[in-house]
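As a plain string of letters, each chain reads:
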Amino acid sequence: MRTKKILAIIISLSMFMSLSSCGKKSSKVEGEFRIGIGQFAEHPSLDNCREGFLLGLREEGFEQGKNVTFRIDNAQTDGGFASQIFDNYVNNNMDMIVAIATPMAQMAYSRAKDKNIPVIFTAVTDPVAAELADENGKPVGNITGTSDKLPVDLQLSLIHEMYPEAKRVGILYTTSEVNSISSIEEYKYYASSYGIDIITQGISDTSDMALACDNILNKVDVMTNVTDNTVVASLPVLLSKANEKNIPVFGSEIEQVKKGCIACMGLDYVELGKQTGRMAAKILKGEVEAKNLNYEIIESASLYVNSKVADNLNYIINQDIIDRANQVFDTIS
Amino acid sequence: MDAIELLKFYFITPQEIIGILTGVLREGLMYSVASLGVYITYKILDFPDMTVDSSFPLGMSITAILLILDVPPILTLCISFIAGALVGVITGIIHVKFGVRDLLSGIIVMTALYSINLRIAGRSNLPVFKKPTIFHLEYFNFLDRSMKTILILLVIVAICKILLDYYLKTKNGYLLRSVGDNEKLVTALAKDKGNVKIIGLAIANGFVAFAGSIFTHDRGFFEISAGTGTLVIAVSNVIIGMQIAKRIKCISDTTAVIIGSILYRACISIALSWGLEPRDLKLITASLLLIILVMNSIKRKNKVA
């Protein structure tokens, strides 16, 4: 009997819940767009992407409350949640689905492809490898977006300029992160023209960091990062070990320079988001369809320098570099 | 955070209700196959089998790579089952023959399989969007896509259930159930209880890998992180199912497990459509499980009193 009662309670609760959702109903208004944004994880770069996207849309005249309603969800790196999030958007017949980071973009594509809802992705390093675009960069369906491919050549040229005698550049990466592996391939491709050897060290999770740092720091002159989520998350370990050995660490984006990397030629994820927002605006205005719009790579990389880190390493940054920098940080956060 | 709260909006339409229901059925049915496997280890053998968290992505990775090699979709399901069964045998051998504790032997195999899964797929994320899957088969074409998916899943789940029910009624199946209930009986029947356990683990992990395979067919890509938490979800499904089976006598345990999986998904969907954020889902999952377990123990105490 008890279970029956409990079942009854659960069912009535669920009815109550759906009723309460009805209360908050905002039915579709003519001329108003509904956009669902699914983000893979809470992560400064991805957060910046999302904020940039909203800014980019606003610049084009699409604003929350005015002519757009947004629903923002975060999958907390869980595939099951990601699936539920996009199911929800598709069921709601959203006018556009935005997916931030590779697994989200794939899930969004898998869920929305039968309904022809345009999907815009951002922060996907290699849309071709993720099968979101074909070899010529053409969309595989009603899906397009922006790639956060690292400006590897520019980064190597920066390393070479700041440390011309550095011959061995080390990279730590997580063996399960496909983005890192493709970035390392890029590094190896460009390194030879600078006379640099790329030395890599794989880890499987955060707990391997300390040991892996000790190991690789004995073999390299300079360290550089790729956009490896695990390594970036435990960046302080790498930085403190590298400091002991007086080895400079280059970052892969602005947040890492704030945290103690000496410099980077990095992406500004807010800019990337804005560029994505502008693409989305074009589609919302009906100027172009997502399936006819090739994915875009952010054109400009910006130079970020941390002068406090340079002081700690007894390195004097060339005035030329300081002048070129987008931003110079004088503290370590 | 405030900005995001402000940006949120909730509404519900008939299409949304149908959409939610099909979503619940689809996810519930897919997980129910894994739950049938966990039913064997958790309920019948009383074995906390951590292998599940990696045999699930094993099924996913094998399916992804086989689809890329243009292996017929249905065959990928069978191969995944066999691969999962092999992994179950390994866990069983480590536990039974080498005397490693049950939990630990599962963890050892799970850890090793992480690397093996990466090896199989070649990388941590492998899309198969361009390949035909079981959901593209030329059956039930009169239905729309989501209905077709559910019908195909129903057929698969029904086959799994019937086969498992049939197996549990065979002599082997009776032995399997006795190992969990009364090990001495098995020994008294002059049977090796270790071997029975190994067979049980093999079938269980076969089902789990089979479920993983279905997931790749549905999602269209393999992702290494997808398996984490499978055990917890499947155990929750089994526990809910067992509560149903206890109350409603006319349905079998296996049917109850399938219903439990769907109910569990329904609870999560309700929580989500209520406006809870996906980030809170793990908390909801844990609370749901705790409530059911506590209800159970209170009931037991009342009975004793």
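Note: the structure precedes this text.
The rules behind these values
Residue positions within a chain follow its written sequence, with the count starting from 1. Here every chain gets a letter starting at A, and every ligand a number starting at 1, in the order they are written. In view of the model being predicted, local features appear only for residues whose pLDDT reaches at least 70, and side-chain atom pairs are presented and counted only at 80 or more, with totals across whole chains, interfaces and linings using the full set of residues. The basis for every side-chain value is the complete set of non-hydrogen atoms in the structure, without hydrogens or water. Note on conventions: DSSP H or I runs of at least 4 residues are helices, E runs of at least 2 residues are strands, and numbering of each starts at the N terminus. Radius of gyration means the value over C-alpha atoms here, while the globule rule gives 2.2 Å times the residue count to the 0.38 power. A 1.4 Å probe rolled over the protein chains alone gives each residue an accessible area, and that area as a share of the maximum for its type sets the label: buried under 20%, exposed over 50%, partly exposed in between. Method for areas: the Shrake-Rupley scheme with a 1.4 Å probe, in which residue coverage is limited to the protein chains shown. When charges are counted, Lys and Arg contribute as positive and Asp and Glu as negative, whereas His and the chain ends are disregarded. Here the site of a charge means NZ on Lys, CZ on Arg, CG on Asp, or CD on Glu. Every patch collects residues that have over 30% relative accessible area and no salt bridge, joining them within 9 Å if they carry like charges and within 5 Å if they are nonpolar side chains (Val, Leu, Ile, Met, Phe, Trp, Tyr). For this analysis, a salt bridge means a side-chain nitrogen from Lys or Arg found within 4 Å of a carboxyl oxygen belonging to Asp or Glu. Aromatic pairs are defined between Phe, Tyr and Trp rings, using the six-membered ring for Trp, whenever the two ring centres lie within 6.5 Å; interplanar angles under 30 degrees are classed as stacked, those over 60 as edge-to-face, and all others as tilted. What the arc describes is the spread of directions from the helix axis to the C-beta atoms. We treat two strands as partners when DSSP finds at least two bridges between them. Place the viewer so that the strands point away; then a crossover is right-handed whenever the path from the first strand over the helix to the second strand goes clockwise.

1. Examining the overall build of chain B
Argument step 1. Along the backbone of chain B there are 12 helices and two strands.
Argument step 2. Tracing chain B from N to C terminus, the helices and strands come up as α-α-α-α-α-β-α-α-α-α-β-α-α-α.
Argument step 3. Relative to the 2.2 N^0.38 estimate, which gives 19 Å for 305 residues, the radius of gyration of chain B is 20 Å and therefore close to what a compact globule would have.
Argument step 4. Across the 305 residues of chain B, 55% fall into the buried class.
Argument step 5. A total accessible area of about 13400 Å² is found for chain B, and carbon and sulfur atoms account for 70% of it.
Argument step 6. Considering chain B, the positive charge centre built from 30 side chains and the negative charge centre built from 20 side chains are found 8 Å apart.

2. So, a positive patch on the surface
Argument step 1. A cluster of basic residues, K43, K246, R247, K249 and R300 of chain B, forms a positive patch at the surface.
Argument step 2. Within the secondary structure, K249 of chain B is located in the loop between α10 (230–247) and α11 (253–273).

3. A few points about the packing of aromatic side chains
Argument step 1. Applying the stated criterion to the full structure yields 12 aromatic pairs over all chains.
Argument step 2. Between the aromatic rings of Y109 of chain A and F129 of chain B, the centroid separation amounts to 4.7 Å while the plane-to-plane angle is 85°, which identifies the pairing as edge-to-face. Of this pair, Y109 of chain A sits in helix α4 (residues 102–112) while F129 of chain B sits in the loop between β1 (125–127) and α6 (145–169), which puts the two residues in different chains. Residue Y109 of chain A shares its accessibility class with F129 of chain B, and that shared class is buried.

4. Some points on helix α7 (residues 209–217) of chain A
Argument step 1. Among the residues of α7 of chain A, those classed as buried are M209, A212, C213, I216 and L217 of chain A. In a view along the axis of α7 of chain A, the buried residues occupy a sector of 120°, so they form one face of it.

5. Side note on the pairing of strand β3 (residues 96–100) of chain A
Residue and element names in this part refer to chain A.
Argument step 1. Burial analysis of β3 places five of its five residues in the buried class, which makes it a mostly covered element.
Argument step 2. Alternating positions in β3 separate into two faces, M96, V98 and I100 on one and I97 and A99 on the other, with burial throughout.
Argument step 3. One ladder, built from five bridges, connects strand β1 (residues 33–39) with β3; its direction is parallel. Bridged to G36 within β3 is I97.
Argument step 4. Bridge count for β3 against strand β4 (residues 119–122) is four bridges, and the pairing is parallel. Bridge pairing in β4 links V98 to I120.
Argument step 5. Between β3 and its parallel partner β4, the chain crosses via α4, and the hand of that crossover is right-handed.

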